[in-house]
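Chains, contacts and geometry: an overview
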Amino acid sequence: MSDFFLDLPMRPRRNRKSAGVRAMVRETTLEASQLILPVFLHEDAEDQPLESMPGCTRWSLEGLMGEAEGALEDGIRAMVLFPKVPEARKTPGGEEAWDPQGLVPRALRALKQRFPELVLITDVALDPYNSDGHDGLVVDGEVLNDATVEALTRQAVMQAEAGADIIAPSDMMDGRVGALREALDLHGHTGVSILSYTAKYASAFYGPFRGALDSAPKDGDKKTYQMDPANAREALRELALDEHEGADMVMVKPAGPYLDVIARMRDATTLPIAAYQVSGEYLALRSACEAGWLDEREAVLESLTGIRRAGADLILTYFARAAAGWLREQG
Ligand code: PBG
């Protein structure tokens, strides 16, 4: 021992000295029940590995049942459904969105029957159904607000009737949360929740998802309804409106590049906050791990912990099942 002595009033390393102490002072938890699994489905009888999102699958109805069972075993409580609609059935009005015989309501009924405890979340927006590939109705190159909201109320009521527990409008039209709440209540679905995509940004990170569903806009971009990535105060304005209109939960999307938005919303609301680690975030991590540049387990759990630390209660992530498995191993 040297006689050099540092007189420190506080040594932060004492709280890091062993796994036991680190576990005692850990500020953020990550649990399978906080993860929501997004799933893709299609009409085909075969499950199809997704080229645009390696590691993900577009499920047949039967395949979806297996995925739901596995997710529940992993400790995941909730899934959100995204359908791929055949090009021939897409229309300018997106009518399939509220067809009770459509793919989503059929999947909802089958899932509810087999797995009554699974929380079913549905996306409300027209982009998978509409031949323009926009979340709303397009007339003369313009995405109409109020006419779209009316269409969305039909879609949401149909989804509630088919068994959705939580309706998640991802369209970013003005006034849709209030209109959906009113329509759901009018039809007797007072118990169906609304998880609003409150701050959904016009992000480059949705590219692989649009490839998975063939849902990219045919013309233009989504900047007249999705938010400008440069804005955070605007998210608080959307939040105030969504709270006022009756949202039960709010969402920030994407997650990783918008942790400040999550944190600011955390300070501004007592509602549960979800964050969506989107397809491009998934692929960025996944490809770096596949190349051997990052350790997948460490990097993914760190990214999810960061999103939780920023203030998200729930995380939608394509890594949900893998993460749940790692968390279980970790004990
Ligand atoms: C559509 C919708 C999108 C995503 C979820 N719902 C795409 C978009 O807005 O273009 C993206 C999810 C992802 O990238 O993982 N309303």
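In short, a report on the structure. What you see is a predicted model, and the numbers here were worked out from it, not measured in a lab. (Residues numbered from 1 in each chain as written. Predicted model: local features only at pLDDT ≥ 70, side-chain atom pairs only at ≥ 80, totals over all residues. Heavy atoms only, no water.)

**A short note on the packing of aromatic side chains**
Applying the stated criterion to the full structure yields nine aromatic pairs. An angle of 45° between the planes, with centres 6.4 Å apart, marks the rings of Tyr197 and Tyr276 as tilted. In this pair, Tyr197 is assigned in strand 9 (residues 193-200) and Tyr276 in strand 11 (residues 273-277), connecting sequence segments 79 residues apart. Taken together, a centroid distance of 6.1 Å and an interplanar angle of 45° make the contact between Tyr276 and Tyr318 tilted. Residue Tyr276 is located in strand 11, and its partner Tyr318 is located in the loop between strand 12 (314-317) and helix 11 (320-330); the two are separated by 42 residues in the primary sequence. Taken together through their ring pairs, the aromatic side chains of Phe40, Phe82, Tyr197, Phe209, Tyr276, Tyr282, Tyr318 and Phe319 make up a single cluster. Note that Lys200 overlies the ring of Tyr197, its terminal NZ or CZ placed 5.3 Å from the centroid. If you follow Lys200 out to its NZ or CZ, it ends over the ring of Tyr206, 5.6 Å from the centre. (Phe/Tyr/Trp six-rings, centres within 6.5 Å; stacked < 30°, edge-to-face > 60°. Helix = DSSP H or I, 4+ residues; strand = E, 2+ residues; numbered from the N terminus. Lys NZ or Arg CZ within 6 Å of the ring centre and 35° of its normal.)

**What to know about the site of the ligand**
Near the ligand you find 18 residues, and of these Ser170, Arg210, Lys222, Lys253 and Tyr318 are the closest. One of the side-chain nitrogen or oxygen atoms of Lys200 is found 2.7 Å away from an oxygen atom of the ligand. A distance of 3.3 Å separates a nitrogen atom of the ligand from a polar side-chain atom of Lys253. Burial of the ligand by the surrounding chains reaches 100%, relative to a free accessible area of 400 Å². Residues belonging to the shell around the ligand are distributed by class as follows: eight nonpolar, three polar and seven charged. (Near = heavy atom within 4 Å. Polar contact = N/O pair within 3.5 Å; in protein donor to acceptor, adjacent residues only side chain to side chain. Areas by Shrake-Rupley, 256 points an atom, 1.4 Å probe, with all protein chains shown as cover. Nonpolar A, V, L, I, M, F, W, Y, C, P; charged D, E, K, R; others polar.)

**Here we look at the pairing of strand 11**
Counted residue by residue, strand 11 has five buried out of five residues, so it is predominantly covered. Here strand 11 shows two buried faces, one formed by Ile273, Ala275 and Gln277 and the other by Ala274 and Tyr276. Where strand 10 (residues 249-253) meets strand 11, three bridges bridge the pair, whose relative direction is parallel. By the bridge assignment, Val250 is partnered in strand 11 with Ile273. Each parallel crossover has a hand, and for strand 10 linked through helix 8 (residues 259-268) to strand 11 it is right-handed. Where strand 11 meets strand 12, four bridges bridge the pair, whose relative direction is parallel. Across the sheet, residue Tyr276 finds its bridge partner in strand 12, namely Leu316. (Buried < 20%, exposed > 50% of the residue type's maximum accessible area, 1.4 Å probe, protein only. Pairing = 2+ DSSP bridges. Right-handed = clockwise from strand over helix to strand, strands pointing away.)

**Thoughts on the environment of Asp267**
If you trace the backbone, Asp267 turns up in helix 8. The spatial distance from the C-alpha of Asp267 to the C-alpha of Leu285 is 29 Å, given a sequence separation of 18 residues.

**Some details on the side chain of Ser193**
Positionally, Ser193 belongs in strand 9. Classification of Ser193 by relative accessible area gives buried; the value is 19%. Not counting the four nearest positions on each side in its chain, Ser193 is found in contact with Asp165, Ile166, Ile167, Arg181 and Asp248. (Contact = heavy atoms within 4.5 Å.)

In short, the description is geometric, and any link to function would need to be established separately.
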